[in-house]
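What follows is the residue order along each chain.
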Number of protein chains: 2
Amino acid sequence: MAVAELAGRHYLLEIRRLSPQLYAVCPKFDLATVYVSDAQYNRNIFFDTSPQAVRLYLLYNHWFMQTLVYAFIIVNLALALFEDPAVVPLPIWATSTIEIICLSAFSVRMVHYAKVIPKDKFWKDPKNICIIVVLSFIDLTIYGALKSTGYFAIRWSRVLRPLLLVNVTEGRQLRRAFRSIRNALPQISYVFLLFMFSVLVFSLVALKLFGKRGLLTIDGSPYFTDYLDIVFDLYVLVTTANSPDVMMPAYNYSVFFTIFFILYIIINTYTFMSFFLAVVYSNYKKHLKEEVRQLVKARRFKMCRAFSLLHEARGEGGEPVVTQTKWNHLVKLVKPNINIAHRELLWSVLDDQNKGHIGKFAFVQLADLLSIQVITVKSQPHPIQICFPSMYNSPVSRFIRYVVHQRMFVYVYDLIILVNAVFIGLDEENPVVSNAEWGFLALYMLEIILKLYATEPRAFFARHHFWNWFDTIIIVSALFGTIINSALKHSGGYTSRQILDIIFILRVLRLIRLVDSIKRFRAIINILIKIGPTILTFGQLIVVVYYIFAMVGMELFKGKVQFFEPNSTSPDQEYCGNPLLKGTTFAKLNYCKNNFNNVVSSFIVLLELTVVNQCGFTAVTHISARIFFVLFHIVVVIIIINIFVAFILEAFLVEYTIDKSDLQTSLEKKIEELELNVQQYVPFKPAIKIELNRSIEGLLLLYFSGSRTVDGLLQRMFETDIRPEDFVEEEEPENINFSNPVFDSV
Amino acid sequence: MAVAELAGRHYLLEIRRLSPQLYAVCPKFDLATVYVSDAQYNRNIFFDTSPQAVRLYLLYNHWFMQTLVYAFIIVNLALALFEDPAVVPLPIWATSTIEIICLSAFSVRMVHYAKVIPKDKFWKDPKNICIIVVLSFIDLTIYGALKSTGYFAIRWSRVLRPLLLVNVTEGRQLRRAFRSIRNALPQISYVFLLFMFSVLVFSLVALKLFGKRGLLTIDGSPYFTDYLDIVFDLYVLVTTANSPDVMMPAYNYSVFFTIFFILYIIINTYTFMSFFLAVVYSNYKKHLKEEVRQLVKARRFKMCRAFSLLHEARGEGGEPVVTQTKWNHLVKLVKPNINIAHRELLWSVLDDQNKGHIGKFAFVQLADLLSIQVITVKSQPHPIQICFPSMYNSPVSRFIRYVVHQRMFVYVYDLIILVNAVFIGLDEENPVVSNAEWGFLALYMLEIILKLYATEPRAFFARHHFWNWFDTIIIVSALFGTIINSALKHSGGYTSRQILDIIFILRVLRLIRLVDSIKRFRAIINILIKIGPTILTFGQLIVVVYYIFAMVGMELFKGKVQFFEPNSTSPDQEYCGNPLLKGTTFAKLNYCKNNFNNVVSSFIVLLELTVVNQCGFTAVTHISARIFFVLFHIVVVIIIINIFVAFILEAFLVEYTIDKSDLQTSLEKKIEELELNVQQYVPFKPAIKIELNRSIEGLLLLYFSGSRTVDGLLQRMFETDIRPEDFVEEEEPENINFSNPVFDSV
């Protein structure tokens, strides 16, 4: 805590140290910095503007504090591993103490937040967190009291824990996903009700058609005689999990009865499920567009505020402007690690008439400009060239460098990788194969060394050269692993399975490089990489939902299904320790490890339910398991997976169709005006990447690539749809009463 | 044949009979009629314009000829039921004779087509059909020769049969669907290759991780030791069919190995499958848009041609116009059953300045206007009112009519239906329940009678009152069924299961009426109804693909799996008559009827493969079954199902977002100009339905509803996207060289 506070103070001191004169001229310089920084990172906290509150606000947003909060949340969530039913059991006092520490940390964070924002705003926004924290404390007390007196007790507040992940952190994407789910709910529920109506009607038909025919299912029980059982069976058919089992008795009886099932599948499995996707997709698009519009609006508003703090009347006609000196200091403060060339370029884009000051309109664009990723690479001579110029420039050396840069060099190595793939597939205990591996490793090392010889090392390892990094790490790790493994083998004849596993995985990963050689594949991979971060957001969403269901599932089903080690001799092994499972397919297929006995296996069962609704466990505890199963299917498969598909659909369509944004084009135009030779490299249009052959100052290469953040992608998604009036700068920025979306209820 | 020719001649005679003077003035009147008719129905055959060819063309398009072709195709396809392996075996000479008749019919159709279109066009377009017909004849000859000499022979040309459905008929939608698949193929194949690369790499990792650990699957075979087996297993995991079985041995060994499967599922099952949908969707949208643009262009072109045949220079400045007399006759010929009020309305929309003649621009709109569905209902007094006016107007009668039109009346009957639903669910052998059924039937009959009393019968049974028709048919059939059933029961104590089945289904169908009472549900149902016809197109597509796979599957797998009647005592019953299946899950779950022993069971197996890829049959014939299975999955699940989802997605989004088209708005405007009180009823925007309270002539009610055809929906889908230049009328229509898309290759 002390460290973080120190860091916050340090930051403010830094502002004053860097710009003492400016600070004297414009005492609100730090406030302006905060506004610009907020606009850049899309932070939407409506903080108090008193110097005290601004200082606290800076501390609140400090990376250390944010990381600390995330750490506490992870610790709090991870408690499920140690609480009963536990993977690694810990005594109650230990887990309780850790939980109390975490809850206290969240409380401190709340107090901090209360000091940052205006008093009247506090009770409107973060009430959820307060409620969760208070409820957790109450639950903890009751549980402790009951347990110590020997009564039965349930830790029901554990269900609330993942909600902290949604509410406490500044995870915009996660909250946005939750909001878009909430907004789509009414529409989804109408379709769902109609869908359920259809299932109920079909079930009634099934009851009437099959109930009286005395058919038997495969395990000898009567077929389709109980209405609620039929409803459940037909619901499961929608998930395709029990197809064709559910149909077989009727089909064996008469082929005409398949018409019933075909109709059911067409209407419910295909049409209604597509309807769900359509409803989720259209709502997702609509609401996300609205959110991004709000985001853009808030950003403009903050930039206008920053402008109003920094401006001075100096332009023609006395309109307010910001001078270059102030602007430079602002940029230095907002993005401390920016280099001079990059900053100069940004300025020349904004101040296109070289006046030495910019107006409001240009100033507001700063936040967008800063979000464009600019990678600067100094074009320096090769270190070997400096040390041994004659050797490096000799004909042999020049020939080597020429060969390495040829397309043929890549093809040869692609061929080597293909041959290697065959060798990987062969049995590695064959001495020829294991010796060949040394040869391949040597070839790959040679490739890296040659490339490093032909390219300047700092350029080779530049941040955007993903595949260079990938190759080097994979090959060097594989080399070390292989050496360690053979050392172990030669010393004591002992081979570690774990090390071998890692070596094998590293070997196979090499093959991925092949993909990069084919342009079409690279384009798809680029989309995948860009979607990556958002898949992580969905990962968080899934974790939240899984955690809640796992907690409930563990309370309901723990210990109902037992897993016995394969070499166990227990007679219960036959039916997973539960007589109810005797003779069921669940036990026959040895699914015993699919249980809710701890949080890890719960998560795996839930994953299986997501994929194919492996619903064998419903046999154990009749009705609650069925309700649990149906609820899970509705939440995860119907809603969340569809939102995921909707996102990928939209992202794919955007990558396919949308051209570069206007802003990036203006940047490009500017660069062209600066008489720079712009070489554009737009593979499948994943990002704009401009290579400048001549730079503004010194020997400098600049690479531009489109923003890779989720927000950037979203903004690009809807940029063509956002109404132009949203981009008109606000005349009276103080009049906007923009909401505080950070702590709103989910 | 003679009948059809007669019909064609009759039609032309009709033209001359209706308009002898006009025919004298304008000898090309019939040609113009053909153009307008082609534009209206979107027929795109580039026919010869000689009177002889036009007559043949009219015959070619005659509904009787079209139906005949469809009938022959259905007969040809249905031959699979009677050919070996047959559901109902027929001797070879019988099926061969029928096939020869069908093929001759197609040949005659081709000769007819050759006479209609210009000579030079013929060999470019319908070559597919000729090839199919010739190949079928050759195959038939070879097969007959081989069979008669006792050799083994395969009827390989049966695979080609469903292609006739695509090529011979004028099924635009089907051909369009095939084209959009073909166009999307390159994009899909790139993603597919990358996907396969990913599967191969994962398989290699799996081989290295699990192959050496000596794990066993549930049936005791080694787990993940053969590379190709692993590839197949992991491919099947993408279809989710073998989850979690494929994971269990590794999971039982160590929980960490689930990470491998989780990664696999996220990347391949979810991300790549979403990518496929995205690629199919974006391509579908793009190509369909292009097709519809072509369609609109061709339609304008044909209307311009018709105009150039009919116009005369009479407008101001001598520009060409068409007079009302000519136009009236044209409309009468194109749409013989149009009533005068409707025609007058169309004219007043086109000739908005009441000049008595219209220019080219207005004329071209006729095809679009004709495609707007206009339902005319004469508002007549009730027949009872005419017969017994005093009774019908008595206070009691007026009160009854008042009550029937109340919202409360609907609610009461909704409640009755709900109560009925409970009774349906109860055991019908209980005398209370079976007697209650009579009561419910009486109540429903009363409802229909009351409604018929309160509403004029012809208005009640108007074409657009779907639910009135639905109710009446359901109730009257149920009444007859119940009476027949109880008559049978009372006479001989005999109850027919079939009649009972029908009665039960009719009873349950009644419940569907509930949906209509809730506005939100009605809206979704409306979308469903509108999508209906297109689902039929996809049905044809599925039939084509299923048929091909069924033919191949029957040749490969017939007789491999045997089904035994449940009361059979054969020892082979245990393993479906195939020792290879001994002890497999396939045999244990009694899937024996899932075989390729005849075309019906083949279709059902293919349906199961579509739903969940029940791939147990791969155990029987190792490698060919696997290839068959993977190919089927690629074609049906990855491509066709995704196109289906894409269509529903797009249709849903269109219904959600697109407002009425410009044309319909102009019609509305016109009606408003005609000082008519327009009451608009736009539920969930499914269609435009205008109720005119006052009519143009006499007591006439007009209902407009948006075009319900697939083409109309498609056009509306992309209307906002179609470039405006496509709507500019062509100055030189003769210059367009529009292609003949009817017989293009698929």
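Scope of this entry: the structure provided in the associated data block. What you see is a predicted model, and the numbers here were worked out from it, not measured in a lab.

## Observations regarding the interface of chain A and chain B
Okay, step 1: Counting from both sides, the interface comprises 86 residues of chain A and, opposite them, 86 residues of chain B.
Okay, step 2: Summed over both sides, the interface between chain A and chain B buries roughly 8600 Å², with carbon and sulfur atoms accounting for 73% of that surface.
Okay, step 3: Our count for the chain A to chain B interface comes out at 2 salt bridges.
Okay, step 4: Across the pair Arg213 of chain B and Asp501 of chain A runs a salt bridge whose closest N-O atoms are separated by 2.9 Å.
Okay, step 5: Summed over the shared surface of chain A and chain B, the result is 10 residue pairs in polar contact (both at pLDDT 80 or more).
Okay, step 6: Ranked by residue count, the leading element in the side of chain A that touches chain B is helix H13 (residues 258–310) of chain A, at 14 residues.

## Describing the relation of the copies chain A and chain B
Okay, step 1: Note on the identical chains: chain A maps onto chain B by a rotation of 180° and an axial translation of 0.0 Å, with an RMSD of 0.1 Å. Here the copies are linked by what is in effect a two-fold axis. When each C-alpha of chain A is compared by its distance to the rotation axis, Ala241 of chain A comes out closest, at 4.1 Å.
Okay, step 2: Most of the interface of chain A is mirrored in chain B, where 100% of its interface residues again form contacts.

## Focus: the side chain of Arg513 of chain B
Residues and elements named next belong to chain B.
Okay, step 1: With respect to the helices and strands, the residue Arg513 is situated in helix H26 (residues 513–517).
Okay, step 2: A distance of 3.2 Å separates the side chain of Arg513 from the side chain of Glu447, its partner in a polar contact.
Okay, step 3: The residues touching Arg513, leaving out its near neighbours within four places in the chain, are Tyr413, Ile417, Glu447, Lys451, Trp467 and Asp471.

## Brief notes about helix H5 (residues 63–78) of chain B
Residue and element names in this part refer to chain B.
Okay, step 1: For H5, spanning 16 residues, the distance from its first C-alpha to its last is 22 Å, which sits close to the expected 22 Å at 1.5 Å a residue.
Okay, step 2: Burial in H5 covers these residues: Met65, Gln66, Val69, Ile73, Asn76 and Leu77. One face of H5 carries all of its buried residues, which in axial projection span an arc of 110°. Facing away from the buried side of H5, by more than 90 degrees, are the exposed residues Trp63 and Ile74.

## Here's the deal with the environment of Phe224 of chain A
Residue and element names in this part refer to chain A.
Okay, step 1: By the element assignment, Phe224 lies in the loop between helix H10 (172–210) and helix H11 (227–238).
Okay, step 2: Remark: the alpha-carbon pair of Phe224 and Gly214, spanning 10 residues in sequence, is separated by 9.1 Å.
Okay, step 3: Setting aside residues up to four positions removed in sequence, Phe224 forms contacts with Ala206, Leu207, Phe210, Gly211, Ile230, Asp233, Leu234, Val246 and Phe261.

## Examining unusual backbone geometry
Okay, step 1: Cis peptide bonds are those with omega within 30 degrees of zero, and the linkage from Asp84 of chain A to Pro85 of chain A qualifies with -5°.
Okay, step 2: Positive phi values are uncommon outside glycine, yet Phe224 of chain B reaches one of about 55°.

## A look at the packing of helix H3 (residues 29–41) of chain B against helix H13 (residues 258–310) of chain B
Residue and element names in this part refer to chain B.
Okay, step 1: Where H3 contacts H13, the two axes come as close as 8 Å, and the packing angle between them is 160°. Comparing their axes, H13 and H3 come out roughly antiparallel. By crossing handedness, the relation of H3 to H13 is classed as left-handed. Here Phe29, Leu31, Ala32, Tyr35, Val36, Asp38, Ala39 and Gln40 of H3 lie close against H13, whose contacting residues are Arg299, Lys302, Met303, Arg305, Ala306, Leu309 and Leu310.
Okay, step 2: Within the contact of H3 with H13, the residues separate by chemical class into 10 nonpolar, 1 polar and 4 charged.

## Some remarks on the packing of aromatic side chains
Okay, step 1: Scanning all chains against the criterion turns up 75 aromatic pairs over all chains.
Okay, step 2: The interplanar angle of 85° and the centroid separation of 5.5 Å between the aromatic rings of Phe538 of chain A and Phe644 of chain A together place this pair among those described as edge-to-face. Of this pair, Phe538 of chain A sits in helix H27 (residues 519–557) while Phe644 of chain A sits in helix H30 (residues 622–657), and the two are 106 residues apart along the sequence. As far as the burial class goes, Phe538 of chain A and Phe644 of chain A line up, both buried.
Okay, step 3: Ring geometry for Phe195 of chain B and Phe276 of chain B: centres 5.7 Å apart, planes at 80°, overall edge-to-face. Here Phe195 of chain B, found in helix H10 (residues 172–210), pairs with Phe276 of chain B, found in helix H13; they are 81 residues apart in sequence, far enough to count as distant. Phe276 of chain B carries the same exposure label as Phe195 of chain B, and that label is buried.

Reading the values: the criteria
Residues numbered from 1 in each chain as written. Chains lettered and ligands numbered in written order. Predicted model: local features only at pLDDT ≥ 70, side-chain atom pairs only at ≥ 80, totals over all residues. Heavy atoms only, no water. Contact = heavy atoms within 4.5 Å. Buried area = accessible area lost by both parts, 1.4 Å probe. Salt bridge = Lys/Arg side-chain N within 4 Å of Asp/Glu carboxyl O. Polar contact = N/O pair within 3.5 Å; in protein donor to acceptor, adjacent residues only side chain to side chain. Helix = DSSP H or I, 4+ residues; strand = E, 2+ residues; numbered from the N terminus. Least-squares fit on C-alpha atoms with pLDDT ≥ 70 in both. Expected span 1.5 Å × (residues − 1). Buried < 20%, exposed > 50% of the residue type's maximum accessible area, 1.4 Å probe, protein only. Arc of directions from axis to C-beta. Axes fitted to C-alpha atoms, helices over the stretch in contact; angles between N-to-C directions. Parallel < 35°, antiparallel > 145°, perpendicular 65-115°, else oblique. Left-handed = near helix turned anticlockwise from the far one by under 90°. Nonpolar A, V, L, I, M, F, W, Y, C, P; charged D, E, K, R; others polar. Phe/Tyr/Trp six-rings, centres within 6.5 Å; stacked < 30°, edge-to-face > 60°.

Without other data, these values stay purely geometric and don't point to any function.
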